[in-house]
Amino acid sequence: MMQNLLLEEGGLVQVESVHLMVATYSKFQPQSPDFLDITNPKAVLENALRNFACLTTGDVIAINYNEKIYELRVMETKPDKAVSIIECDMNVDFDAPLGYKEPERRAQNHDEPTEEDGDPSSYADMDTGFRAFTGSGNRLDGKTKGIEPSPAPLAPSDIKRGIPNYDFKVGRITFIRNSRPLPKKNVEDDDAMNRFIAFSGQGQSLRKKGRKP
């Protein structure tokens, strides 16, 4: 209090009695970036403000937490420049600490393609005739007998499912499915089904037909 009023021991102070409005909002600015090390600053400030009766815009208050003193400047108070904080419901906000600098962020150029995206036009330059395990082999004894030459590369028309589609275009999705040939139908079975008529068979009676005795 004496530090805020620029007083020394033995100085004279003139005190006036005033009626203050109840606080509804206040904004504080920490005077050191060390205040950001506190896990829950609002809870710490709420506990420390119990030792204060009022707040005035422009004042600097000091709170003691974890054996360290933190100073906060009152930047704004509502509904007046001087408010009472006794038994009130007050919203608290914090400004950036004094001397705090935000970490620099490297600007990314979205026009240039990244390594992950790649250039789709380069896919067409890839060798479509790639086949796994087609390299030439060497024998330990130095002989070349029994070594078959590498097979001829695949033509683009021989590409089947499992090999990447190098004609892919960005924004287009192609679903590849194996088409199975339909089974051939027997003409005689079709004719029999067409001639079939329900309940058209002949019935049998358990009682033999004849004259009554």
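Cut-offs used in this document
Residues numbered from 1 in each chain as written. Predicted model: local features only at pLDDT ≥ 70, side-chain atom pairs only at ≥ 80, totals over all residues. Heavy atoms only, no water. Helix = DSSP H or I, 4+ residues; strand = E, 2+ residues; numbered from the N terminus. Buried < 20%, exposed > 50% of the residue type's maximum accessible area, 1.4 Å probe, protein only. Contact = heavy atoms within 4.5 Å. Areas by Shrake-Rupley, 256 points an atom, 1.4 Å probe, with all protein chains shown as cover. Phe/Tyr/Trp six-rings, centres within 6.5 Å; stacked < 30°, edge-to-face > 60°. Core = buried A, V, L, I, M, F, W, Y, C linked by side-chain atoms within 4.5 Å. Pairing = 2+ DSSP bridges.

**Concerning the overall build of the protein chain**
Thought 1: When you go through the protein chain residue by residue, the secondary structure sums to two helices and seven strands.
Thought 2: Starting at the N terminus and walking to the C terminus, you meet the elements of the protein chain as β-β-α-β-β-β-β-β-α.
Thought 3: Within the protein chain, the fraction of its 213 residues that count as buried is 13%.
Thought 4: Long-range pairs, those at least 24 residues apart, make up 68% of the contacts in the protein chain with a sequence separation of at least 6.
Thought 5: Roughly 20,100 Å² of accessible area belongs to the protein chain as shown, and the carbon and sulfur atoms make up 51% of that amount.

**Observations regarding the packing of aromatic side chains**
Thought 1: The full count for this structure, using the stated rule, is two aromatic pairs.
Thought 2: Relative to Y70, the ring of F35 lies with its centre 5.9 Å away and its plane at 75 degrees, an arrangement referred to as edge-to-face. Here F35, found in the loop between β2 (25-30) and α1 (41-48), pairs with Y70, found in strand β5 (residues 68-78); they are 35 residues apart in sequence, far enough to count as distant. This pair shows no difference in class: F35 is buried, exactly as Y70 is.
Thought 3: Taking the relative accessible area as the measure of exposure, F35 reaches 3% and is therefore buried.
Thought 4: Through a chain of ring-to-ring contacts, the aromatic side chains of F35, Y70 and F94 assemble into a single cluster.

**Remarks on the side chain of S84**
Thought 1: Within the secondary structure, S84 sits in strand β6 (residues 82-84).
Thought 2: Beyond its immediate sequence surroundings of up to four residues, S84 is in contact with L20, M21, V22, A23, A53 and C54.

**Looking at the nonpolar core**
Thought 1: Counting 17 residues, the largest nonpolar core has F28, L49, L55, I61, I63 and L72 as its most contacted members.
Thought 2: Among the elements of the structure, α1, β4 (60-65) and β5 are those that each provide at least two residues to this core.
Thought 3: Those residues within four positions of L72 in sequence are excluded, and the remaining contacts are F28, Q29, P30, Q31, F35, D59, V60, I61, I63 and F94.

**Quick notes on the pairing of β5**
Thought 1: Across six bridges, the pairing between β2 and β5 is antiparallel. The residue bridging S26 from the neighbouring strand is T77, located in β5.
Thought 2: Both β4 and β5 contribute to a ladder of six bridges, which runs antiparallel. Paired with V60 across the two strands is R73, which belongs to β5.
Thought 3: What sits between the antiparallel neighbours β4 and β5 is a turn of two residues, in which N66 has the positive phi angle 55 degrees.

**Focus on the sheet that holds strand β3 (residues 54-56)**
Sheet strands associate in pairs through backbone hydrogen bonding, adopting either a parallel or an antiparallel arrangement.
Thought 1: Strand order in this open sheet of three strands is β1-β6-β3, and the pairing throughout is mixed. Of all the strands in the sheet, just β1 (21-22) and β3 have a single pairing partner and so form its edges.
Thought 2: Relative to β6, β1 is paired through two bridges, and the arrangement is parallel. Directly across from M21, in β6, lies its bridge partner V83.

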